[in-house]
Amino acid sequence: MADSIFGIHEKALQIRTLRGEVLASNLANADTPNFKARDVDFRQALQQESDRFSSQSLQMSKTSGQHLGGESLLSTSDFLKYRMPTQPSLDGNTVEEHVEKAQFMENAMQHQATLEFINSKISGIRGALKGE
Amino acid sequence: MSLFKVLDISATGMHAQTVRLNTVASNMANVDSVSSNAEDTYRSKQPVFQTILEDSINQPASGVRVKEIVENQAPLKMEYNPNHPMANDEGYIYRPNVNIVEEMANMMSASRSYETNIEVMNTSKQLLLRTIQLGQ
């Protein structure tokens, strides 16, 4: 039900949150030797998520009408990728703070935009319910 | 809500950088602690960072922790100073192998990283607040 109300934005919000988490961990590990920076391929992740929910073959089959629909968590294996550093460092760390910071800020802005979309959806529905 | 996890991750980063700042402070404070033999002389301490690997392999994001604090094995500075009260029988004193320039650079790097983690926390906090305010 919630799926049909918020559409793609619910998935987008989940992936943005995950991406924020990954980028925060890159920044926290900026001084860890041999740490490899990672990032979420947003386009691929969203594609995978929406495919998963649109195709019936991947849905869990219910043996009783009273069963709840199963909803699995994001599987991150495919769209979590390693960042290619522009300037390699001696200790094997591939975090470039300026890049990660910029990506984190960008992700935060997009996160806010997604929240804004959901918000206007809610007020739209609320308006419809009130009959205004 | 895994935005709370961002706060945890940044907190581990801040903690690790605090330890690093502490070792810098200790190194700087002991830069002039001389002694009469090599064993008793202060050696520069350096923290070694390590990613916290969670038990689950599917965990994409992880924090950082201080694995250990190692003592710098670089040779100590021997100085011929027979008039020094700490001088040994041959007239030498030992000075710590603390490199002030290195420590300054370390301190700046640590404080910048600390700031970065605070910024990440602040941004995440704003996003969380906006999420809470959805539909209001």
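Residues numbered from 1 in each chain as written. Chains lettered and ligands numbered in written order. Predicted model: local features only at pLDDT ≥ 70, side-chain atom pairs only at ≥ 80, totals over all residues. Heavy atoms only, no water.

Participant: Give me the lowdown on the overall build of chain B, citing residues and values where you can.
Facilitator: Of the regular secondary structure elements, chain B holds two helices and four strands. Along chain B, helices (α) and strands (β) appear in the sequence α-β-β-β-β-α when read from the amino end. For chain B, the spread of C-alpha atoms along the principal axes amounts to about 80 × 30 × 15 Å. Here chain B, with 136 residues, has 35% of them falling under the buried criterion. Residue pairs in contact within chain B that sit at least 24 positions apart in sequence constitute 62% of those at least 6 positions apart. Counting every atom, chain B has about 7,800 Å² of accessible surface; 54% of that belongs to carbon and sulfur. (Helix = DSSP H or I, 4+ residues; strand = E, 2+ residues; numbered from the N terminus. Buried < 20%, exposed > 50% of the residue type's maximum accessible area, 1.4 Å probe, protein only. Contact = heavy atoms within 4.5 Å. Areas by Shrake-Rupley, 256 points an atom, 1.4 Å probe, with all protein chains shown as cover.)

Participant: Report on empty space enclosed by the protein, specifying residues and quantitative values.
Facilitator: Gaps between atoms show up when a probe of the same size as a water molecule is rolled over them. On inspection of all chains with the given rule, the structure shows two cavities of 30 Å³ or more. What the largest cavity holds in volume is close to 60 Å³. Lining the largest cavity we find R16, T17, G20, F104, N107, A108 and H111 of chain A together with L3, V6, T123, S124 and L127 of chain B. Counting residues per element, the ones that place at least two in the lining of the largest cavity are α2 (8-28) and α4 (97-130) of chain A together with α1 (3-29) and α2 (100-132) of chain B. Of the residues assigned to the lining of the largest cavity, the class counts are five nonpolar, six polar and one charged. Taken as a whole, the second largest cavity spans an internal volume of roughly 30 Å³. Lining of the second largest cavity is provided by L27, K101, F104 and M105 of chain A together with T116, E119 and V120 of chain B. Grouping the amino acids of the lining of the second largest cavity by side-chain chemistry returns four nonpolar, one polar and two charged. (1 Å grid on protein atoms, 1.4 Å probe; cavity = no way out; pocket = protein on both sides within 12 Å on 5 of 7 lines; lining within 4 Å. Points joined across faces, edges and corners; volume = space filled by probe spheres on them. Nonpolar A, V, L, I, M, F, W, Y, C, P; charged D, E, K, R; others polar.)

Participant: Would you mind going over the UniProt feature "domain: Flagellar basal body rod protein N-terminal" (unreviewed entry) in chain A in detail, with residue names and values included?
Facilitator: Cross-referencing UniProt, the feature "domain: Flagellar basal body rod protein N-terminal" (unreviewed entry) maps to residues 9-36 of chain A in the present numbering. Regarding residues 9-36 of chain A, the helix share stands at 71% and the strand share at 0%, and the terminal C-alpha atoms are separated by 30 Å. (UniProt positions renumbered as here; feature names shortened; annotations may be inferred.)

Participant: Account for the side chain of N26 of chain A, with residues named and values stated.
Facilitator: You can see N26 of chain A is positioned in helix α2. A distance of 2.6 Å separates a polar side-chain atom of N26 of chain A from the backbone oxygen of R38 of chain A. (Polar contact = N/O pair within 3.5 Å; in protein donor to acceptor, adjacent residues only side chain to side chain.)

Participant: Could you give an account of the packing of α2 of chain A against α1 of chain B, with specific residues and numbers?
Facilitator: Two numbers describe how α2 of chain A lies on α1 of chain B: the axes approach to 9 Å, and their chain directions differ by 0°. In terms of orientation, α2 of chain A lies roughly parallel with respect to α1 of chain B. Together, T17, G20, E21, A24, S25 and A28 of chain A of α2 of chain A and L3, K5, V6, I9, S10 and G13 of chain B of α1 of chain B make up the contact between the two elements. For the contact of α2 of chain A with α1 of chain B, the residue count by class is five nonpolar, five polar and two charged. (Axes fitted to C-alpha atoms, helices over the stretch in contact; angles between N-to-C directions. Parallel < 35°, antiparallel > 145°, perpendicular 65-115°, else oblique.)

Participant: Give a description of the environment of R83 of chain A that names residues and reports values.
Facilitator: Residues and elements named next belong to chain A. Examined against the element boundaries, R83 turns out to sit in the loop between β2 (80-82) and α4. Residue class for R83 comes out buried when judged on its relative accessible area of 16%. In this structure, the C-alpha to C-alpha distance between R83 and E100, residues 17 residues apart in sequence, is 9.9 Å. Apart from residues no more than four positions distant in its own chain, R83 is found in contact with L23, N26, A37, R38, D39, T94, V99, E100 and Q103. Polar side-chain contacts of R83 include one of 3.0 Å to the side chain of D39. In this structure the side chain of R83 is engaged in a polar contact, spanning 2.9 Å, whose partner is the side chain of E100.

Participant: Lay out the packing of α2 of chain A against α2 of chain B with the relevant residues and their values.
Facilitator: Relative orientation of the contacting elements α2 of chain A and α2 of chain B amounts to 165°, with a least axis distance of 9 Å. On the basis of their axis angle, the class for α2 of chain A and α2 of chain B is roughly antiparallel. In terms of crossing hand, the pair formed by α2 of chain A and α2 of chain B is left-handed. The residues of α2 of chain B that touch α2 of chain A, namely those facing A24, L27 and A28 of chain A, are T116, N117 and V120 of chain B. Here the residues of the contact of α2 of chain A with α2 of chain B are counted per class, giving four nonpolar, two polar and no charged. (Left-handed = near helix turned anticlockwise from the far one by under 90°.)

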